[in-house]
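In case you want the letters, here they are:
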Amino acid sequence: MKLIWKPFTLQFKHPFRIAHGVRSSTAVMYIRIDHEGFSGYGEASMPPYLGESHESVAAFLGRLDLAQFKDPFDISSIMAYVDQVADGNTAAKASVDIALHDLACKLLGKTVHAYYGADPDRAPFTSFTIGMDEPELIRSKIEETDGFPILKVKLGGTNDRLIIETVHASTTKIFSVDVNQGWTDREYALDMIYRMKEMNVSFVEQPFDRFNLDDHAWLKEQSPLPIIADESCQRYTDIEHCRHAFHGINIKLMKCTGLSEAKRMIDYAQKCQLKILIGCMSESSCAVSAAAQLSPFAQWADLDGPLLIKNDIFEGLKFVCGKITLSGLPGNGAYLKETVFD
Ligand code: MG
């Protein structure tokens, strides 16, 4: 197996503001793994607050020796090797895992959702993300979400009440909120959640700091809405300490090193009766189409990455009135529209 990679920058349609700051682009790395005339594609997305970059991903990929593996179907052995090459680097690792699934399933002539026994009819609707903005901009962004019945609203700044009141007054759509660790006072959090309960809010993501499990556990007991872990739950081993502090977890390929571990997380979360949200970073249709393959196992999906960017060089998953619609294409269901590797 041969691995090649190419740095790329995704450009947002609108500057994107969350509790960590505002930005207009995200660095990604596209990779390709070739084997016997077939190619599998993967993507690593590197939002700056997660610590990976074009340089770190290239350095990590440069350390891999995939030529030692002759069997492309032995994804678990290959990923066990990839995972121990260095700590962290979860997006770089995810790109390899995504490409391996794409390659193996193309060789099998099978979709990844069929490979994992997922029923595409059970795929959920995706939410469409609204960043933290002034009321006027929020109203105009909501108008652009026509055809998407579920919204996700970013909170965690100083205008949270105004933002949710603006959203609630502008639309009858269901929305979830993502605080991105932005709250520090649990009484304030509970008061906000009670207000939001009356406003078509479906769940609340990551209210407090990722290490603050005590306040999350307190909130879980009191809250009339489900509390979902995102930053607190990165990988499989995090489920153990999150299961008592949250009602559910947000699984993202870039955090958990790809589809292999994401599926293990799904299985364990179901066993623990945790709800599952499948999410994404700022990613193109390459990685998001891969995540969508597992979405039939989730209660909720937040896979709007390709909708927020203006230079998607892949084509893949489709949304029909907001519902994730998986293609029958072998592999992850995405194909490259332009030549970037030659
Ligand atoms: Mg989140």
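This text goes with the structure placed above it.
Below: a short report on this structure. (Residues numbered from 1 in each chain as written. Predicted model: local features only at pLDDT ≥ 70, side-chain atom pairs only at ≥ 80, totals over all residues. Heavy atoms only, no water.)

### Here we look at the pairing of strand β10 (residues 275-279)
At step 1: With respect to burial, β10 is a largely interior element, four of its five residues being buried.
At step 2: Here strand β9 (residues 248-252) pairs with β10 via five bridges, running parallel. Counterpart to I249 in the pairing with β10 is I276.
At step 3: Of the pairings in the sheet, the one linking β10 to strand β11 (residues 300-302) comprises three bridges and is parallel in character. Of the residues in β11, the one forming a bridge with G279 is D302. (Buried < 20%, exposed > 50% of the residue type's maximum accessible area, 1.4 Å probe, protein only. Helix = DSSP H or I, 4+ residues; strand = E, 2+ residues; numbered from the N terminus. Pairing = 2+ DSSP bridges.)

### Focus on the pattern of salt bridges
At step 1: Counted by the stated rule, this structure contains 18 salt bridges.
At step 2: Here D230 ties to K255 by a salt bridge, and the two come within 2.6 Å at their closest N and O atoms. In this pair, D230 is assigned in the loop between β8 (227-229) and α9 (239-242) and K255 in helix α10 (residues 253-256), connecting sequence segments 25 residues apart.
At step 3: The buried category is assigned to D230, whose relative accessible area is 3%. (Salt bridge = Lys/Arg side-chain N within 4 Å of Asp/Glu carboxyl O.)

### Quick look at the sheet that holds strand β6 (residues 174-178)
At step 1: Strand order in the open sheet formed by eight strands is β4-β5-β6-β7-β8-β9-β10-β11, and the pairing between neighbours is parallel. Looking at the sheet topology across the chains shown, the edges are occupied by β4 (128-130) and β11. Pairwise comparison of adjacent strand axes, ignoring direction, gives a mean angle of 30° for this sheet. (Axes fitted to C-alpha atoms, helices over the stretch in contact; angles between N-to-C directions.)

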